[in-house]
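A closer look at the structure
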Amino acid sequence: MDLSQFDANSLGNPNHNLFGLPTSEEDARLVIVPVPWEVTVSYNAGTARAADNISKASLQVDLYDADYHDIWRNGFYMREVDKKILLKSDYLRKEAELYIDYISNGEEVERNNFMCRSLKEINEGSNFMINWVHAQTKELLEKGKLVALLGGDHSTPFGYIKALTEKHGSFGILQIDAHCDLRKAYEDFRYSHASIMFNVLEEMPGIEKLVQVGVRDYCDEEIDYIRASKGRVVTYFDQQIRERMYEGETWKKITDEIVEGLPQKVYLSFDIDGLDPKLCPNTGTPVAGGFEVSQVFYLFKKVVESGRQIVGFDLNEVGVGNNDWDANVGARVLYKLCNMFVANNL
């Protein structure tokens, strides 16, 4: 169907694609790659099934966006979830749970052949996922598509960020997150969800700067890494943001400062646990504190208004609970990100 003739007031059709839009991959300006993977999550599972739940919830999203009116007419399309990747994730997740329980009790891995094999399998599986994501996203980028990624846990965008560095050379990352994700091989998993930004910075010199916003759960190792980065990593901790606002500074002033510190090209990495847990109660690792959705949208809007180019985005860690609340919030976050990304690249 020609999207220019599509009735934005109609009910979401479950036989259509994301947000009820009758879009094909060929015609869509933006293609979203779902990655159903959560092997290394260290607390709650469920994020591997986020894409299907968000897709269902997206039918309830009204298409009017006061900031980016009718941008959806350029076409958003989400690929089907690859069931082979999901099955591999489910299998390795069980292995990881056993492994995490084993090391949590202080046991020595080297003395247990089964655990040694499990660790090797998990790390090899993560490499497989990364290569798969890289191939999927690189193919789409070479076709001239705008590309976004929907996880899964936060380890999923590594291959996509790598593909973007191959296309753009250098850019910065704006990360919304409750965590730094700067741990080295957390729980012995090299490509852990808790290590995504460490791995990106260590393996991709094209990432010139990482600006983290909303962090409120971190360790000594990560603070040491930030301090040793010589300004390559700048972290706006949740506590510091709140204290500045309690003492009279506006969110606009803080936002202007954040945006000023970004390079011309920016990648957005949005871990949903950067929000207040009331908005994402079933995310993998919820932490008290965090943002309202409108605060993050305001920050992103200011990035766009600054004239910077958004080169891509990911949305990760949307959980699955007993109702559709997490998916409902996730779908609305995803819709705003899609509109903003396409509008910025018209």
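Please read these numbers as outputs of a predicted model, since none were measured by experiment.

What counts, and where the lines are drawn
Residues numbered from 1 in each chain as written. Predicted model: local features only at pLDDT ≥ 70, side-chain atom pairs only at ≥ 80, totals over all residues. Heavy atoms only, no water. Helix = DSSP H or I, 4+ residues; strand = E, 2+ residues; numbered from the N terminus. Buried < 20%, exposed > 50% of the residue type's maximum accessible area, 1.4 Å probe, protein only. Core = buried A, V, L, I, M, F, W, Y, C linked by side-chain atoms within 4.5 Å. Contact = heavy atoms within 4.5 Å. Phe/Tyr/Trp six-rings, centres within 6.5 Å; stacked < 30°, edge-to-face > 60°. Lys NZ or Arg CZ within 6 Å of the ring centre and 35° of its normal.

The next subject is the environment of Gly-144. Mapped onto the fold, Gly-144 is located in the loop between helix H3 (113-142) and strand E3 (146-151). Assessed through its relative accessible area of 47%, Gly-144 is described here as partly exposed. Each C-alpha atom, one on Gly-144 and one on Leu-30, is 9.6 Å from the other, the two residues being 114 residues apart in sequence.

Next up on the list: the nonpolar core. Among soluble globular proteins, nonpolar side chains are generally buried collectively. In this structure, Phe-19, Phe-76, Leu-174, Val-213, Leu-275 and Leu-334 are the most contacted members of the largest nonpolar core, which totals 63 residues. The element that contributes the greatest number of residues to this core is helix H10 (residues 325-344), accounting for eleven residues. Once residues within four sequence positions are removed from consideration, Leu-275 is found in contact with Arg-216, Phe-270, Cys-280, Gly-289, Gly-290, Phe-291, Glu-292, Val-293, Val-296 and Val-329.

Moving on, we get to the packing of aromatic side chains. This model, assessed by the stated rule, comprises 13 aromatic pairs. Relative to Phe-189, the ring of Tyr-99 has its centre 5.5 Å away and its plane inclined at 45 degrees; by these criteria the two rings are tilted. A residue pair is termed long-range when its members are at least 10 positions apart, and Tyr-99 in helix H2 (residues 83-104) and Phe-189 in the loop between strand E4 (171-176) and helix H5 (196-203) qualify at 90 residues. The class for Tyr-99 is buried, based on a relative accessible area of 0%. An angle of 45 degrees between the planes, with centres 4.7 Å apart, marks the rings of Tyr-218 and Phe-237 as tilted. Of the two residues, Tyr-218 sits in the loop between strand E5 (207-215) and helix H6 (220-228) while Phe-237 sits in strand E6 (residues 233-237), which places them 19 residues apart along the sequence. Given a relative accessible area of 11%, Phe-237 falls into the buried group. Its guanidinium or amino end placed over the ring of Phe-128, Lys-88 lies 5.0 Å from that ring's centre, counting from NZ or CZ.

On their own, these measurements won't tell you what the molecule is for.
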